Amino acid sequence: MVPYLFLGFAAMLLATALMVILHKHPVTSALFLVLSFSSLAGIYLLLQAEFVGMVQIIVYAGAIMVLFLFVIMYLNLPHDVEKGAQIAVRRGIGWMVGALMLLFAGLLAKKGWVAGPAATAPADLSGGNAAAIGRVLYSRFLFPFEITSILLLVAMVGAIVMAKGRPASPEGEGE
Amino acid sequence: MIPTEWVLALSAVLFTIGVVGVLVRRNALVIFMSIELMLNAANLAFVAFARQQQSLDGQIFVFFVMTVAAAEVAVGLAIIVNLFRLRETVFVDEINLLKG
Amino acid sequence: MAALMQNEAFQVALWAMVKVGIILGVMLGVVSYLIYAERKICGHIQARTGPNRVGPLGLLQPIADVGKLLFKEEFIPAGANKVVFHIAPILAVFPAIVTFSVIPMGPPPMFVVTDINVGLLLFLAMSSLGVYAITLGGWSSNNKYALLGGLRSSAQMISYELAMGLSTIPVLLRTGTLSLSGIVDAQAGQLKAFDTVLPLPNWGIFHWYLFLPFFIFLICSFAETNRAPFDLPEAEGELVAGFHTEYSSMKWALFFLGEYMNMIVICSIMVTLFLGGWHGPGVDKFAPLGLVWFLTKLFALLFFFIWVRWTYPRLRYDQLMGFGWKVLLPASVVNVMIAAVWLYWRANA
């Protein structure tokens with residue numbers, strides 16, 4: 001049952017991810033990205049990472065993509081126009097690079113590359129996945145965790161400063 | 001039980017789609033979305049290895065990656081909005097002059 | 001077939017399906033009569049009688065309404081993004097229905113569809129998905145009033161979600177679990193304070209550090225369901241009808257259904273987190289009484305929602321955002337800290 005569910009989610013993930021980069025309208029791209037993040041959350045649930053799966057929906061689908069949609073609607077972007085020889089050449093190069101990367105991954109897999117041995121000491125999972133993550137996050141990873149709060153603060157200040165635009169300078173310099 | 005190799009293959013294909021997206025599109029917003037796809041491919045590999053190793057460190061990393069992605073999107077979208085105000089375009093190949 | 005019926009996984013799936021079917025059917029009925037109740041209560045608050053023509057006391061009014069909506073003409077505005085225009089109403093109903101699967105409506109296993117250990121996170125995730133319906137509905141209509149309503153409501157919902165999420169944290173600190181059934185279990189019995197049993201049930205709201213979060217959650221849920229005094233997205237006076245200006249017929253009905261379903265979901269979560277869930281006198285002797293207690297609390301809260309809507313005037317938009325960011329958010333953060341310090345001290349005293 002679980003492998004079939006995984007295959008279903010994986011197919012949906014790849015199809016929607018392809019639509020993100022193929023569709024010409026930014027809003028449609030963003031909506032397909034929401035779908036692919038949701039199927040990724042489904043895969044996380046199947047991989048015994050319930051907390052990460054739920055946070056994936058809350059953070060990516062609920063916050064980040066809403067921000068994207070907001071900006072696209074605010075800028076009122078139309079369909080992308082992609083014409084001309086130069087752009088066609090660049091597209092061709094892009095797809096070739098992608099094909100090369102897949103080829104490289106395939107060669108690696110051919111070499112009998114495996115994921116390594118399973119660990120001997122499983123983590124303390126009492127109280128469920130979320131409780132276990134909380135214990136690790138507030139003990140071994142406490143310092144990085146505090147650093148991320150500074151990062152978020154910096155991002156918040158930066159976004160507000162940029163969104164406010166330039167102040168009208170009295171000397172008339174700048175714009 | 002899903003084999004870890006399947007998940008890694010999926011992650012590799014997803015990452016490739018993200019790379020191709022960055023290379024073939026010229027809309028800055030779609031490029032940004034492709035970068036999100038690549039970050040998510042890395043997250044997927046982290047989660048797969050966390051299950052393989054029966055350890056939570058991988059999931060913690062996903063948590064940090066998500067935080068960074070959120071911060072990056074907030075700042076990045078502010079930059080794109082400012083660029084649009086200045087140049088009336090979001091196409092990266094039309095934003096090729098340093099002076100505003 | 002007999003072998004299939006013996007299969008344990010199949011039995012679990014079958015029972016889940018049956019419960020889902022029952023909940024879906026009952027919810028649709030409850031929503032249509034909730035709308036009837038809203039119109040009746042509104043009528044009495046404004047000193048009129050409300051609907052009273054169709055059937056005795058107007059009780060058949062919801063059926064007449066649904067019939068009317070089904071036969072109305074569909075109208076799709078020129079220049080609308082057709083696909084998104086069709087998807088948006090579906091997105092309005094879907095998150096609310098999904099959340100029902102984790103709400104414990106009575107003693108387990110009979111009255112719980114599924115008990116996942118991240119139930120509360122599922123609720124928060126689904127309520128954050130609720131923004132899409134309104135934003136997309138507003139944008140795809142190609143109408144400036146609809147767009148303004150959609151943008152307003154997404155800003156409002158994102159802002160109030162933060163305070164709402166933070167106000168659930170003291171509950172989690174007390175119960176130590178994200179599973180909604182676990183949270184309900186932690187509210188059984190009588191309230192104890194310093195080893196004396198008080199004549200109060202052990203519900204969340206009766207713990208002093210959960211009193212403020214309950215009110216923050218209540219206020220945020222008015223904003224989340226876009227109801228007065230926070231119904232800015234559909235402010236008739238300035239935005240015609242907000243994000244669903246261009247919608248008609250069943251699509252409009254789906255938006256309406258979503259709004260009322262969201263109201264029921266958010267009230268159920270409030271009952272679960274703060275009002276003891278299905279706990280009440282006599283449940284340990286006769287389990288189905290739990291469902292009765294749950295529904296009683298739920299309908300009391302729903303009545304309160306309707307009462308507030310027809311009593312208070314609408315806020316101005318800057319007042320709304322200012323209140324969310326400058327009052328509710330700091331208050332819930334401070335409350336989280338106070339609750340954490342208190343619980344730590346109690347645990348180590």
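Residues numbered from 1 in each chain as written. Chains lettered and ligands numbered in written order. Predicted model: local features only at pLDDT ≥ 70, side-chain atom pairs only at ≥ 80, totals over all residues. Heavy atoms only, no water.

What about the overall build of chain B?
1) Next: The number of helices and strands found in chain B is three helices and zero strands.
2) Next: Relative to the globule expectation of 13 Å for 100 residues, the C-alpha radius of gyration of chain B, 17 Å, shows a markedly less compact shape.
3) Next: Along the first, second and third principal axes, the C-alpha atoms of chain B reach 55 × 25 × 15 Å.
4) Next: Put simply, chain B has 100 residues, and 58% of those count as buried.
5) Next: In chain B, once contacts between residues fewer than 6 apart in sequence are set aside, the share between residues at least 24 apart is 55%.
6) Next: Total accessible area computed for chain B in this model is approximately 3800 Å², and 71% of it derives from carbon and sulfur atoms. (Helix = DSSP H or I, 4+ residues; strand = E, 2+ residues; numbered from the N terminus. Rg over C-alpha atoms; globule rule 2.2 N^0.38 Å. Buried < 20%, exposed > 50% of the residue type's maximum accessible area, 1.4 Å probe, protein only. Contact = heavy atoms within 4.5 Å. Areas by Shrake-Rupley, 256 points an atom, 1.4 Å probe, with all protein chains shown as cover.)

A few points about the packing of helix α3 (residues 50-75) of chain A against helix α5 (residues 119-140) of chain C
1) Next: Relative orientation of the contacting elements α3(A) and α5(C) amounts to 20°, with a least axis distance of 9 Å. Overall, the two elements α3(A) and α5(C) adopt an arrangement that is roughly parallel. As for how α3(A) packs across α5(C), the hand of that crossing is left-handed. Across from A:Phe51, A:Met54, A:Ile57, A:Ile58, A:Ala61, A:Gly62, A:Met65, A:Val66, A:Leu69 and A:Met73 in α3(A), the residues of α5(C) making contact are C:Leu121, C:Leu122, C:Leu124, C:Ala125, C:Ser128, C:Leu129, C:Val131, C:Tyr132, C:Thr135, C:Leu136 and C:Trp139.
2) Next: For the contact of α3(A) with α5(C), a count of residues per class yields 18 nonpolar, three polar and no charged. (Axes fitted to C-alpha atoms, helices over the stretch in contact; angles between N-to-C directions. Parallel < 35°, antiparallel > 145°, perpendicular 65-115°, else oblique. Left-handed = near helix turned anticlockwise from the far one by under 90°. Nonpolar A, V, L, I, M, F, W, Y, C, P; charged D, E, K, R; others polar.)

Some details on unusual backbone geometry
Residues and elements named next belong to chain A.
1) Next: The backbone of Gln 48 shows a phi angle near 60°, a positive value even though the residue is not glycine.
2) Next: Take Gln 48: it is sitting in the loop between α2 (26-46) and α3.
3) Next: Residue Gln 48 is classed as partly exposed on the basis of its relative accessible area, which comes to 43%.

Here we look at the domain arrangement of chain A
1) Next: Partitioning chain A into domains gives domain 1 (1-77), domain 2 (81-109) and domain 3 (124-168).
2) Next: Spacing between the C-alpha centres of domain 1 of chain A and domain 2 of chain A amounts to 23 Å. (Domains from an automatic or database assignment.)

Some thoughts on the pairing of strand β1 (residues 190-193) of chain C
Residues and elements named next belong to chain C.
1) Next: As paired elements, β1 and strand β2 (residues 196-201) share three bridges and run antiparallel to each other. Residue pairing for β2: Gln 190 is matched across the bridge by Pro 201.
2) Next: Hairpin connection from β1 to β2: two residues lie between these consecutive antiparallel strands, with Phe 194 at a positive phi of about 50°. (Pairing = 2+ DSSP bridges.)

Some thoughts on the environment of C:Val308
1) Next: The residue C:Val308 is located in helix α11 (residues 289-309) in this model.
2) Next: Not counting the four nearest positions on each side in its chain, C:Val308 is found in contact with C:Phe222, C:Ala228 and C:Pro229.

Considering the interface of chain B and chain A
1) Next: Chain B puts 70 residues into the contact, and the matching count from chain A is 84 residues.
2) Next: Here chain B meets chain A over a buried area of about 6700 Å², counting both sides, of which 76% is carbon and sulfur.
3) Next: When the area that chain B buries against chain A is broken down by residue, the three leading residues are B:Arg25, B:Met33 and B:Met66, summing to 10%.
4) Next: Joining chain B to chain A, the criterion identifies one salt bridge.
5) Next: The shortest N-O distance in the salt bridge between B:Asp57 and A:Arg140 comes to 3.1 Å.
6) Next: In this structure, the connection of chain B to chain A is made through five residue pairs in polar contact (both at pLDDT 80 or more).
7) Next: If you list the elements that add at least two residues to the side of chain B that touches chain A, you get α1 (4-24), α2 (28-53) and α3 (57-87) of chain B.
8) Next: For the side of chain B that touches chain A, the residue count by class is 48 nonpolar, 14 polar and eight charged. (Buried area = accessible area lost by both parts, 1.4 Å probe. Salt bridge = Lys/Arg side-chain N within 4 Å of Asp/Glu carboxyl O. Polar contact = N/O pair within 3.5 Å; in protein donor to acceptor, adjacent residues only side chain to side chain.)

Observations regarding the interface of chain A and chain C
1) Next: At the junction of the two partners, chain A supplies 19 residues and chain C supplies 19 residues.
2) Next: At the boundary of chain A with chain C, total buried surface from both sides reaches about 1700 Å², with 82% on carbon and sulfur atoms.
3) Next: Ranking the residues of chain A by area buried against chain C places A:Met54, A:Phe70 and A:Met73 at the top, with a combined share of 33%.
4) Next: At the surface where chain A touches chain C, the tally comes to zero salt bridges.
5) Next: Summed over the shared surface of chain A and chain C, the result is two residue pairs in polar contact (both at pLDDT 80 or more).
6) Next: Residue assignment for the side of chain A that touches chain C shows that the elements contributing at least two residues are α2, α3 and α5 (128-137) of chain A.
7) Next: In terms of residue count, α3(A) provides more of the side of chain A that touches chain C than any other element does, twelve residues in total.

Description of the packing of aromatic side chains
1) Next: Applying the stated criterion across every chain, the model contains 24 aromatic pairs over all chains.
2) Next: Taken together, a centroid distance of 6.2 Å and an interplanar angle of 25° make the contact between A:Phe145 and B:Phe63 stacked. Of the two residues, A:Phe145 sits in helix α6 (residues 142-164) while B:Phe63 sits in helix α3, which places them in two different chains.
3) Next: An aromatic cluster of three or more residues is present, and its members are A:Tyr138, A:Phe141, A:Phe145, B:Phe46, B:Phe61, B:Phe63 and B:Phe64.
4) Next: Above the ring of B:Phe91, the side-chain terminus of B:Arg26 is found at 4.2 Å from the ring centroid. (Phe/Tyr/Trp six-rings, centres within 6.5 Å; stacked < 30°, edge-to-face > 60°. Lys NZ or Arg CZ within 6 Å of the ring centre and 35° of its normal.)

A few points about the confidence of the model for chain B
Predicted coordinates in regions of low pLDDT should not be interpreted in detail.
1) Next: On average, residues of chain B carry a pLDDT of 85, and 96% of them reach 70 or more.
2) Next: Of all secondary-structure elements in chain B, the lowest mean pLDDT belongs to α3(B), at 87, while α2(B) reaches the highest, 89. (pLDDT = per-residue confidence, 0-100.)

Comments concerning helix α10 (residues 249-274) of chain C
Residues and elements named next belong to chain C.
1) Next: Across its 26 residues, α10 extends 38 Å between first and last C-alpha, which sits within 8% of the 38 Å expected from 1.5 Å per residue.
2) Next: Judged by how many residues are buried, α10 sits mostly within the fold: 21 of 26 residues are covered.
3) Next: Once α10 ends, the next one or two residues include Gly 276, with phi positive near 80°. (Expected span 1.5 Å × (residues − 1).)

Observations regarding the arrangement of the chains
1) Next: Contacts are most numerous between chains A and B, considering all two pairs of chains that are in contact.
2) Next: At their nearest point, the C-alpha atoms of chain B and chain C are still 14 Å apart, with no contact between the two.

Looking at the environment of C:Leu232
1) Next: If you trace the backbone, C:Leu232 turns up in the loop between α8 (211-224) and α9 (236-239).
2) Next: Placed 65 residues apart in sequence, C:Leu232 and C:Lys297 show a C-alpha to C-alpha distance of 28 Å.

A closer look at the pattern of salt bridges
Residues and elements named next belong to chain C.
1) Next: Going through the model one piece at a time under the given rule, you end up with three salt bridges over all chains.
2) Next: Of the charged contacts, one joins Asp 65 and Arg 39 as a salt bridge, the two residues approaching to 2.9 Å between their closest N and O atoms. On the criterion of sequence distance, the pair formed by Asp 65 in helix α3 (residues 61-71) and Arg 39 in helix α2 (residues 8-45) is long-range, its members being 26 residues apart.
3) Next: On the basis of relative accessibility, which here comes to 34%, the residue Arg 39 falls in the partly exposed class.

Considering a nonpolar patch on the surface
All names here are of chain C.
1) Next: A grouping of Met 5, Leu 14, Trp 15, Val 18, Ile 22 and Val 26 is seen on the molecular surface, where their side chains present a nonpolar patch of about 550 Å² in accessible area.
2) Next: The element best represented in the nonpolar patch is α2, accounting for five residues.
3) Next: Secondary-structure assignment places Trp 15 in helix α2.
4) Next: Among the residues examined, Trp 15 registers a relative accessible area of 53% and is labelled exposed. (Patch = residues over 30% accessible without salt bridge, like charges linked within 9 Å, V, L, I, M, F, W, Y side chains within 5 Å.)

Some words on the nonpolar core
1) Next: Judged by nonpolar contacts, the single largest core of 159 residues is most densely connected at A:Met65, A:Phe68, B:Leu29, C:Phe123, C:Phe217, C:Met270 and C:Leu273.
2) Next: The element that contributes the greatest number of residues to this core is α3(A), accounting for 16 residues.
3) Next: Per-domain counts for this core show at least three residues from each of domain 1 (1-77) and domain 3 (124-168) of chain A.
4) Next: When near neighbours in sequence (up to four residues on either side) are disregarded, C:Phe123 contacts C:Thr99, C:Met164, C:Phe217, C:Val265, C:Ile266 and C:Ile269. (Core = buried A, V, L, I, M, F, W, Y, C linked by side-chain atoms within 4.5 Å.)

Some points on the confidence of the model for chain A
1) Next: Of all residues in chain A, 84% attain a pLDDT of 70 or more, and the chain-wide mean is 82.
2) Next: Model confidence for chain A, summarised as mean pLDDT per element, is weakest for α5(A) at 81 and strongest for α2(A) at 90.

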